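# Examining the three-dimensional arrangement
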Amino acid sequence: MVNQNRAKHNTKKLDSDVKVSVFMPVFNSEDYLNEAIDSILNQTYSNFELIVLNDGSTDRSKDIVFSYSDSRIKYFENEKNMGLAYSRNRGLDLCSREYIAIFDSDDVCKKNRLELQLKVLSESPNTIVCGGDSEVISKHGTQRHRSNNYHLKVVYDSPVINSTAMIRNSFITKNKIRYDLDLPPAEDFGFYSGIFWLNKMDPNTFKNIPKILVKYRIHSGQTSQINSDIGTDVAASIRRSNLQHFLSHHKTVFEYKHHAVNHKTVNAIHRNLVRLNSNGVLNELIDFVLYYHFLSGNYVTKILLFGKVIKHCDRRHIVKASFNILGRKYGRKY
């Protein structure tokens, strides 16, 4: 009889220094599961364990996993369907290796994904998460989804494509970071936001490899597709929280310079201005907008944003902040 915590084995044995736990949650994935598992087992880097967690599937998913004879596969299951956020958290608890590679059961890994990401993380000790590009597969065909290394993307969007992520396990274990059960289907956005703040907004927190690492499948059965309207609302609440967090953690306006703020961050602040004002971070917001207004970016965007802010703020603070910025820019004290 096959051990419930491991699939059948005899082909490949785990080395004692296995570095990667690949985590794959499964729910009714029989149509895609063979291709997903094969793409992991055939990686150029082979020293990993594959943690498969069955979240109460009612199709042949379990039988498909047990059809493999590879000791690297470890099979677990929930007693009933608990949802993706719960399963991801249980998966993180089951992964004991130095790095955790997230992978969905309806996607396909490029053959050198693990090898490329291990290289980045081993050479970049301050990087917590390594991701990459994906090739989106849908009924409309295929399209490349490009990632980027602009670290403040986390303020308004997930900085990595979740199914391409490889995470430094020691960091999330030490800081007890888990997926928030109240945030589906945007729990990955909240998860990576937490990593960024706890890593003290280090610009090296996330690194994305500009190569396709995963073929990402979009279909009607996905949680994100089923709950797309809910996801939009949840993501908006995370953005507001992130903006407040970002603004309130800068003691001076000049610290923004080190974060190379781009127009998307500014536009996100623009859209959430009134809500941020009610959350008591108005002075930080004024400082930010003034800094952006004087020292960077597109003048049209700056003027529009400045006009929005000036309606809500203390004029005396604007004068004081403006003189401070001008003094820093021109080397004068006011």
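For the structure itself, consult the block above.
Computed from a prediction, not measured in an experiment: that's the story for all the values here.

Below, the discussion takes up the overall build of the chain. Assigned secondary structure in the chain consists of 13 helices and nine strands. Within the chain, the fraction of its 334 residues that count as buried is 50%. In the chain, the proportion of contacts linking residues at least 24 apart, taken out of those at least 6 apart, comes to 79%. Looking at the chain as shown, the accessible area adds up to about 16,600 Å², and 49% of this sits on carbon and sulfur atoms.

Looking now at the packing of helix 3 (residues 84–94) against helix 6 (residues 187–198). For the pair helix 3 and helix 6, the least separation of the axes is 10 Å and the interaxial angle reads 40°. In terms of axis orientation, helix 3 runs oblique to helix 6. Every residue of helix 6 that contacts helix 3 at Leu84, Ala85, Arg88 and Leu92 is listed here: Glu187, Asp188 and Phe191. Of the residues that constitute the contact of helix 3 with helix 6, the class distribution is four nonpolar, no polar and three charged.

A word on the pairing of strand 2 (residues 48–54). The element strand 2 is largely enclosed, with a buried count of seven among its seven residues. Judged by which residues are buried, strand 2 turns out to be covered on both faces: Phe48, Leu50, Val52 and Asn54 on one side and Glu49, Ile51 and Leu53 on the other are all buried. With seven bridges joining them, strand 1 (residues 20–26) and strand 2 adopt parallel strand pairing. By the bridge assignment, Met24 is partnered in strand 2 with Val52. With respect to chirality, the unit in which strand 1 leads through helix 1 (residues 33–41) into the neighbouring parallel strand 2 is right-handed.

By the definition in use, this model includes six aromatic pairs. A ring pair is formed by Tyr179 and Phe191, whose centres lie 4.1 Å apart and whose planes are at 15°; its orientation type is stacked. Of this pair, Tyr179 sits in the loop between helix 5 (169–174) and helix 6 while Phe191 sits in helix 6, and the two are 12 residues apart along the sequence. Accessibility expressed as a relative area gives 3% for Tyr179, which makes it buried. Under the relative-accessibility criterion, Phe191 is labelled buried at 1%. Considering the side-chain rings of Phe196 and Trp197, the 5.1 Å spacing of their centres and the 55° angle between planes classify their relative orientation as tilted.

What follows concerns the pattern of salt bridges. Oppositely charged side chains may form a pair once their charged atoms are brought near each other. Applying the stated criterion across every chain yields a total of 11 salt bridges. A salt bridge links Arg97 to Glu49; its shortest N-O distance comes to 3.8 Å. With Arg97 in the loop between helix 3 and strand 4 (99–102) and Glu49 in strand 2, the pair connects residues that are 48 residues apart, well separated along the chain. Relative accessible area serves as the criterion here: at 1%, Glu49 is assigned to the buried category.

Attention now goes to the environment of Phe48. Relative to the helices and strands, Phe48 resides in strand 2. Linking Phe48 and Tyr99, residues 51 residues apart in sequence, is a C-alpha distance of 9.6 Å.

Here we come to a nonpolar patch on the surface. A cluster of nonpolar side chains, Met82, Tyr86 and Leu181, forms an exposed patch at the surface whose accessible area comes to about 270 Å². Considering the arrangement of structural elements, one finds Leu181 in the loop between helix 5 and helix 6. Judged by relative accessible area, which is 52%, Leu181 ranks as exposed.

Another point: the nonpolar core. Core analysis: the biggest nonpolar cluster contains 33 residues, and Val20, Val22, Ile37 and Leu50 have the highest contact counts within it. Not counting chain neighbours up to four residues away, the residues in contact with Ile37 comprise Met24, Leu50, Val65, Tyr68 and Ile73.

What counts, and where the lines are drawn
Residues numbered from 1 in each chain as written. Predicted model: local features only at pLDDT ≥ 70, side-chain atom pairs only at ≥ 80, totals over all residues. Heavy atoms only, no water. Helix = DSSP H or I, 4+ residues; strand = E, 2+ residues; numbered from the N terminus. Buried < 20%, exposed > 50% of the residue type's maximum accessible area, 1.4 Å probe, protein only. Contact = heavy atoms within 4.5 Å. Areas by Shrake-Rupley, 256 points an atom, 1.4 Å probe, with all protein chains shown as cover. Axes fitted to C-alpha atoms, helices over the stretch in contact; angles between N-to-C directions. Parallel < 35°, antiparallel > 145°, perpendicular 65-115°, else oblique. Nonpolar A, V, L, I, M, F, W, Y, C, P; charged D, E, K, R; others polar. Pairing = 2+ DSSP bridges. Right-handed = clockwise from strand over helix to strand, strands pointing away. Phe/Tyr/Trp six-rings, centres within 6.5 Å; stacked < 30°, edge-to-face > 60°. Salt bridge = Lys/Arg side-chain N within 4 Å of Asp/Glu carboxyl O. Patch = residues over 30% accessible without salt bridge, like charges linked within 9 Å, V, L, I, M, F, W, Y side chains within 5 Å. Core = buried A, V, L, I, M, F, W, Y, C linked by side-chain atoms within 4.5 Å.

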